[in-house]
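Listed below, chain by chain, are the residues.
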Amino acid sequence: MTVGNRSNAFATLLQVLAILCAVLFLSMILHKGIADVSALALKHSGAKFWEALAQYVLRNLAGG
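Residues numbered from 1 in each chain as written. Predicted model: local features only at pLDDT ≥ 70, side-chain atom pairs only at ≥ 80, totals over all residues. Heavy atoms only, no water.

S.K.: Whenever I open this one, the environment of alanine 54 confuses me. Can you help?
M.R.: Tracing the sequence through the fold places alanine 54 in helix α2 (residues 47–61). By relative accessible area, alanine 54 is classed as partly exposed at 38%. Through-space distance from the C-alpha of alanine 54 to that of asparagine 8 is 48 Å; in sequence the pair is 46 residues apart. (Helix = DSSP H or I, 4+ residues; strand = E, 2+ residues; numbered from the N terminus. Buried < 20%, exposed > 50% of the residue type's maximum accessible area, 1.4 Å probe, protein only.)

Structure follows, in structure tokens:
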């Protein structure tokens, strides 16, 4: 294996690792969102759910 082939293989390995990390990160965000919405749905019913969801989203956008 030449030096050029090794560096290409290493770069490809790093790209695959970066993609796997990105998938893991996005999966955790999606899981957290689903868990939070499910918890809101259990606490609030009907129109109250949508109000609670709007408050939750606005609170999170503000960083609180």
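S.K.: What is the right way to look at the packing of aromatic side chains in this model?
M.R.: Two aromatic rings are characterised by how far apart their centres lie and by the angle between their planes. Under the counting rule described, the total for this entry stands at one aromatic pair. On the basis of an interplanar angle of 70° and a centroid distance of 5.0 Å, the ring pair of phenylalanine 49 and tryptophan 50 is categorised as edge-to-face. Assessed through its relative accessible area of 60%, tryptophan 50 is described here as exposed. (Phe/Tyr/Trp six-rings, centres within 6.5 Å; stacked < 30°, edge-to-face > 60°.)

S.K.: For this particular structure, what's the right way to read the pattern of salt bridges?
M.R.: Two side chains carrying opposite charge are able to pair once their charged atoms lie near each other. Counted according to the given criterion, the structure contains one salt bridge. Its salt-bridge partner being aspartate 36, residue lysine 32 comes within 2.9 Å of it at the nearest N-O pair. Here the residue lysine 32 and the residue aspartate 36 both occupy positions in helix α1 (residues 3–43), the gap between them amounting to four residues, near one helical turn. (Salt bridge = Lys/Arg side-chain N within 4 Å of Asp/Glu carboxyl O.)

S.K.: Would you take a moment to explain a nonpolar patch on the surface for this structure?
M.R.: Together, Leu24, Phe25, Leu26, Met28 and Ile29 give the surface a local cluster of nonpolar side chains, amounting to about 540 Å² of exposed area. Looking at isoleucine 29, the relative accessible area reads 45%, which means it is partly exposed. (Patch = residues over 30% accessible without salt bridge, like charges linked within 9 Å, V, L, I, M, F, W, Y side chains within 5 Å. Areas by Shrake-Rupley, 256 points an atom, 1.4 Å probe, with all protein chains shown as cover.)

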